[in-house]
Amino acid sequence: MSTLVVIGYDDAYKAEEVRLKLLRLQKEYLIDLEDAVVAVKGQDGKVKLHQAVNLTAAGAASGGFWGALIGLIFLNPLLGVALGAGAGAISGALTDVGINDQFMKELAATLDRGHSALFVLVKRATPDRVLAEIQGTGGRVLKSSLTHESEAKLQAALSAAKG
């Protein structure tokens, strides 16, 4: 079962910086992320979600491949690519995997203007190594499915001076 953690930051860029650290840790097999999204509340009060994976582009690429393959069968690969990419882009745009977008927008709407939040869905992690990496990055835990003890450790690591 995956664990949800939402951390709020007092500027628009810190959440993205921490997400990049987590993605680096994922390459080192210290954490397995199912989803990592940065939400930023702009000075205009609008919330923007910055997804880790662009599903529209992924759908278009996949659809283009399958469209070309089907197009070759019917001797019109260019039409197949165009139709496949269009259908894939539409299905990718309508797909919501990982953390629910509506939940993220509602929670991010409670942030102050110019602040950001990092939404992370973790499958598996090596907690001591991950906490050491994000120690002192600031932020506060807004919501999580961690135990009270684990959430307190995370908050302590975030608040601790970088050593």
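Conventions adopted
What you see as residue numbers is a count from 1 along each chain, following the sequence as written. The predicted origin of the model limits local features to residues at a pLDDT of at least 70 and limits the giving and counting of side-chain atom pairs to 80 or more, whereas totals for whole chains, interfaces and linings rest on all residues. Only heavy atoms go into the side-chain values, all of them from the structure, while hydrogens and water stay out. Numbered from the N terminus, helices here are DSSP runs of H or I no shorter than four residues, and strands are runs of E no shorter than two. Relative accessibility under 20% of the residue-type maximum defines a buried residue, over 50% an exposed one, and the middle range a partly exposed one, all with a 1.4 Å probe and only protein chains included. Only heavy atoms matter for contacts: two residues are in contact if any of them lie within 4.5 Å across the pair. The pairing criterion is simple: DSSP has to find at least two bridges between the two strands. To obtain each axis, a line is fitted to C-alpha atoms, and for helices this fit is confined to the stretch in contact; angles are then taken between N-to-C directions over 0 to 180 degrees. Any pair of N or O atoms that falls within 3.5 Å is considered a polar contact. Within protein, one atom must be able to donate a hydrogen and the other to accept it, and sequence-neighbouring residues count only if both atoms are side-chain atoms.

Caption draft 1: Quick look at the overall build of the chain. In terms of helices and strands, the chain carries six helices and five strands. Shown N-terminal to C-terminal, the secondary structure of the chain runs as helices and strands in the order β-α-β-β-α-α-α-β-α-β-α. Across the 163 residues of the chain, 33% fall into the buried class. Taking the contacts inside the chain whose residues are at least 6 apart along the sequence as the reference set, 71% of them involve residues at least 24 apart.

Caption draft 2: Representation of the sheet that holds strand β4 (residues 116-125) in the model. With antiparallel pairing, the five strands of this open sheet are ordered in space as β3-β2-β4-β1-β5. In this open sheet, the two strands that pair with only one neighbour each are β3 (47-50) and β5 (140-144). Pairs of neighbouring strands in the sheet enclose a mean axial angle of 25°, with direction left out of account. As paired elements, strand β1 (residues 3-9) and β5 share four bridges and run antiparallel to each other. When the sheet's bridge partners are listed, valine 5 is paired in β5 with serine 144. Sheet strands touched by helix α4 (residues 101-108): β1, β2 (31-41), β3, β4 and β5. Its angle to β3, the strand with the most contacts, is close to 135°. On the sheet, helix α6 (residues 148-159) packs against β1 and β5 and is oriented at approximately 155° with respect to β5.

Caption draft 3: View of the side chain of threonine 137. Tracing the chain through its elements places threonine 137 in the loop between α5 (127-134) and β5. In this structure threonine 137 comes out as buried when scored by relative accessible area, which is 7%. Within the structure, threonine 137 has its side chain in polar contact with the backbone oxygen of isoleucine 134 (distance 2.8 Å). When near neighbours in sequence (up to four residues on either side) are disregarded, threonine 137 contacts Tyr9, Lys14, Val18, Lys21 and Leu158.

Structural measurements only, silent on function.
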